[in-house]
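Residues per chain are reported as follows:
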Amino acid sequence: MSSLTLHDVRFVEPEATRNYITQDYGALSWLFTKDHKRIAILYLISITALFILGGFFAVVMRIELLTPEGDLLTSDTYNKFFTLHGIIMIFFFLIPSIPAVLGNFLLPLMLGAKDLAFPKINLLSWYLYIIAAVMGLYIIITGGVDTGWTFYTPFSTQFSNTHVFGVTFAAFIVGFSSILTGLNFLVTIHRMRAPGLTWFRLPLFVWAMYATSIVQLLATPVLAITLVMLMFERVVHVGIFDPALGGDPLLFQHMFWFYSHPAVYIMILPAMGVASEVVAAFTRKKIFGYQFVAYSSLAIAFLGFLVWAHHMFVAGISVYSAMIFSFLSYFVAVPSAIKVFNWTATLYRASVSLMTPMLYILGFIGLFTIGGVTGLFLAAIGLDVHVTDTYFVVAHFHYVMVGGAVMAYMAGLHYWWPKITGRMYPEWWARLAALLVFAGFNLTFFPQFVLGYLGMPRRYHAYAPEFQVLNVMSTAGASVLAVGYALPLCYLLWSLWYGRPAGPNPWGAVGLEWTTASPPPMENFHETPVVTWDAYDYPAMMKAMGETQNV
Amino acid sequence: MMLSDFPLWPEQASTVAPGVDALMTFMCIVCGGVSVLTFFVIFILAIKYRRTSENQLAQDYEPPKALEAAWIIIPFLIFMFMFVWGSWLYFRIQRVPENAIDIYATGKQWMWKFQHASGQREINTLHVPVGRPIRITMASEDVIHSLFFPAFRVKSDVLPNRYKTMWFQATKTGRFHIFCAEYCGTQHSGMIGWVEVMEPVDYQKWLAGGAEGSLASQGEKLFQKYACNTCHTNDATGRGPVLLGLYGTTVTLSNNATVTADENYIRESILNPQAKIVKGFAPVMPTFQGQVSEDDLLKLVSYVHSLGTQKTAVVPVETPSSKDTSAGSPLKPGAGIPPQKDKGATP
Ligand code: HEM
Ligand SMILES: [Cu+2]
Ligand SMILES: [Cu+2]
């Protein structure tokens, strides 16, 4: 027993000669694969490409905003750029990011399963994603769209003369990709857990994916219906949103936010799941209040459906409905607060290691906290009247979505990279990148809170001269951020060839995914694992594994 | 670079602005404080319990479960405090004072049109007296816009299908930004202007210059032009109801429901008369949707409004009691008369 270290903790198995990567070669073996790990890689490549494209639009916008005058782009181009940036980052990058890449790869591994419940549907959802992405690219090349990612009527139905129909259709399709992924995960989590893996032994990442899947399954159809109504209205002009025909443009906002508020939880819940995994692994400790953290995911998923009109406090809702939605928005913030405090408490008397994934997660906790508390500012309705539709909101949602969700995605990518590829990334470069991202991020977005309070409205191509200093700071930050994101792209690719082989469990972490080879064999486990320990129970798992090894 | 080129806090120029800033300050202190405290704890713990050897496990220790309850209940109570304060402020921002001066605004791609009750019109500039509550009634001719006065801390979306109102009371003279805050197409960022806050005497002078007759009197002409008067006579002989004294009263509809005759109701009665039929009348009024422009509609509405209230639609501006104004330097006579390009109004 004394010779057994954490890194040896694994099921005994013959050295895998073939893994999911080397199983088959050739493009077709990838394009027609039903293996969840390969599909995860397909997603990884596609969303990375779209992230680069979305990032390109962002950088050009930030350069434009260096000066108060609109001098680099025309107004129409600027409007198209922020629209495309938003649509790509939300629908084509952030929503699929953690679920479709990390979730796809890890869920069966964490559950001790061979694959997801519906491997073909899994492949189908990637194809839907690709079809939608190709449509999107085609539209960008042929002129783009300028409605904002929110597609507000009547601008989108009667006034914009860009490709609104095509883009909403693409968003409609990518929605189905998201629905199918959610459905697949739900069934998998219910039906395919390894023997002994009861609900309260599940890693918190699985709980988070479970809550996310519920939201994907229930909310996305509403988006689909809304977009169909929009397309219908635009093409045959039936009058659903047109006041001249008795319709109501605000109806669109209600329907849109009924999806899009829960959608922000599709983005942040998985991030919280990653945070729990990484915190547990790099403190070698069970997450404090495991059950509270698990249930808070479900609470967020449920309450998230009840706060949509907090995006409409000045749009024309009554004073009393505004109060109700304000109250409920505060309510939904409670479970998020619980998580932050529980992660913090986990550090107490732990064994803390500050490797790259943990650095990203500490960054995540900090930035998500700032994003969350500024949500409290926005939920205070008297204050929201002033800051809504300004850069304050832009800063708020970038803190949660980029500072929160993207940081966690980067953390997860680094944490599971050795499992996915079998190689270690270069630690020092990675730490440098994590620090650059953190610094660049704050420099980019913190000034925007001030800008917003000063009154600079969002979606402005040109702005009043007194806002320039803060805008220049923001653009400077964006360039640091860009370097921070470009570095991982380089060193992760580099590590595919030159990285140190990782071995099955480089972090000495517990969790079924670390008990199999890196990269895992096609069937994940040679024998179905039997689970006799709780999640993150280091002593119990070492003991259980030690016994298996001594057999 | 001058400090004024790099402000961190917007100018405070309305009665609600200090209230909004107070809540903002409170939020910054509480949220900032809790966040910084959390970061500090994380930092200390991460350093103190750093892993020293490769195989070191965590200590076998669970913090007390009561902590969990503490950080559910305490944040919740703090949140409720924020909720109450925010709602209270919202009520203040929404409730229009009785004696407010009416101004009408129309948003259209990409300009703001303002009409004073006395008939003065202006584009992308709004002249208002200091120290008087101003109520703006507004609608859009096309897409949704949002009328935003950062110095007054108020904004409101402007919708194409109904009137919305907002109000403010300026507390200092000067020139402040007007922005459009809801994305509305190509020139969204160009849909901006200035609000010129002036001493009431100057405002009065400004109003006197070049009006084409009050809004209501222009509306009266339109009332004849569109032949409304053929049905709506001043006695009960016409086919339509008498509109004298209508505004502000409660109207009983054919389905026995009741509505208050406000701007939105009058607007709807003109654009979509079939939607709400007055009890005892046949649904014979034709729709004027598409025939009456948003400007004309405003005039009609303000005419019907003026029929209904004792006070005329002429703005009752008196000489200010000096406590209303924070401005130290009264304007030179005539300085307020448009076009006023320089910043002479800023104290
Ligand atoms: C901690 C709880 C949160 C609260 C109380 C909160 C509150 C709010 C409120 C009131 C608004 C509306 C602001 C306005 O338009 O005036 C808003 C906007 C927004 N929030 Fe949050 N939020 C929270 C968490 C999140 C999370 C987790 C995300 C994303 C992962 C998120 C993403 C967004 C986005 C995208 C918008 C702006 C959408 C747009 O107008 O384009 N929020 N938030
Ligand atoms: Cu929301
Ligand atoms: Cu606008």
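Up top is the structure these notes are about.
Residues numbered from 1 in each chain as written. Chains lettered and ligands numbered in written order. Predicted model: local features only at pLDDT ≥ 70, side-chain atom pairs only at ≥ 80, totals over all residues. Heavy atoms only, no water.

Asks: Talk me through the sheet that holds strand β7 (residues 154-158) of chain B; I want residue IDs and the actual numbers.
Replies: Working definition: the strands of a sheet are paired by backbone hydrogen bonds and lie parallel or antiparallel to each other. Residue and element names in this part refer to chain B. Strand order in this open sheet of five strands is β4-β10-β9-β6-β7, and the pairing throughout is mixed. Two strands bound the open sheet, and with one partner strand each, they are β4 (125-129) and β7. Each neighbouring strand pair of the sheet contributes to a mean axis angle of 20 degrees, computed without reference to strand direction. Inspection of the sheet shows β4 paired to strand β10 (residues 193-198) by five bridges, in the parallel sense. Each bridged residue has a counterpart across the sheet, and for Val128 the counterpart in β10 is Val197. Across the face of the sheet, helix α3 (residues 200-208) comes into contact with β4 and β10 while running at roughly 130 degrees to β4. (Pairing = 2+ DSSP bridges. Helix = DSSP H or I, 4+ residues; strand = E, 2+ residues; numbered from the N terminus. Axes fitted to C-alpha atoms, helices over the stretch in contact; angles between N-to-C directions. Contact = heavy atoms within 4.5 Å.)

Asks: Can you explain the pairing of β10(B)? Please cite residues and give values.
Replies: Residue and element names in this part refer to chain B. The buried count for β10 comes to five of six residues, which makes it a mostly enclosed element. As paired strands, strand β9 (residues 174-180) and β10 are joined by five bridges and run antiparallel to one another. From the neighbouring strand, Ile178 faces β10, where its bridge partner is Gly193. (Buried < 20%, exposed > 50% of the residue type's maximum accessible area, 1.4 Å probe, protein only.)

Asks: Describe the coordination of the copper ion (ligand 3), with residues and values.
Replies: All names here are of chain B. Around the copper ion (ligand 3), the protein contributes the donor atoms Cys180 (SG), Glu182 (O), Cys184 (SG) and His188 (ND1), which lie 2.1 to 2.5 Å from the metal centre. Given four donor atoms and angles of 89 to 128 degrees at the metal, the environment of the copper ion (ligand 3) is assigned as tetrahedral. When the donor residues of the copper ion (ligand 3) are listed from N- to C-terminus, their spacing reads C-x1-E-x1-C-x3-H. Both residues of the pair, Glu182 and Cys184, count as buried. (Donors = N, O, S within 2.8 Å, 3.2 Å for Na, K, Ca; no water. Tetrahedral: all angles 85-135°; square planar, octahedral: opposite > 155°, others 65-115°.)

Asks: Which residues make up unusual backbone geometry, and what values do they have?
Replies: The linkage connecting A:Thr153 with the following residue, A:Pro154, adopts the cis geometry, with an omega of -5 degrees. As for its placement among the helices and strands, A:Pro154 is situated in the loop between α4 (119-141) and α5 (155-159). In this structure, B:Trp110 follows B:Gln109 across a cis peptide bond, with omega equal to -5 degrees. Along the chain, the position of B:Trp110 falls in the loop between β1 (101-108) and β2 (111-116). In the Ramachandran plot, B:Arg153 falls in the positive-phi region, its phi being about 60 degrees despite a non-glycine side chain. Summarising the element assignment, B:Arg153 is placed in the loop between β6 (145-149) and β7. Judged by its relative accessible area of 0%, B:Arg153 is buried.

Asks: So what's going on with the site of ligand 1? Residues and values would help.
Replies: Residue and element names in this part refer to chain A. Taken together, 19 residues lie near ligand 1, and Val264, Asp384, Thr388, His396 and Arg458 sit nearest. Between ligand 1 and Thr388, the relevant distance is 2.5 Å, taken from an oxygen atom to a side-chain nitrogen or oxygen of the residue. Interatomic distance of 2.9 Å between a side-chain N/O atom of His396 and a nitrogen atom of ligand 1. Elements represented by at least two residues in the shell around ligand 1 include exactly α8 (249-283), α11 (356-379) and α13 (391-421). Per-element tally for the shell around ligand 1: the top contributor is α13, with five residues. Here the residues of the shell around ligand 1 sort into 10 nonpolar, seven polar and two charged. (Near = heavy atom within 4 Å. Polar contact = N/O pair within 3.5 Å; in protein donor to acceptor, adjacent residues only side chain to side chain. Nonpolar A, V, L, I, M, F, W, Y, C, P; charged D, E, K, R; others polar.)

Asks: Lay out the coordination of the iron atom of ligand 1 with the relevant residues and their values.
Replies: When only protein atoms are considered, the iron atom of ligand 1 has one donor, A:His396 (NE2), at a distance of 2.3 Å. Between the two metals, the iron atom of ligand 1 and the copper ion (ligand 2), the spacing is 4.6 Å.

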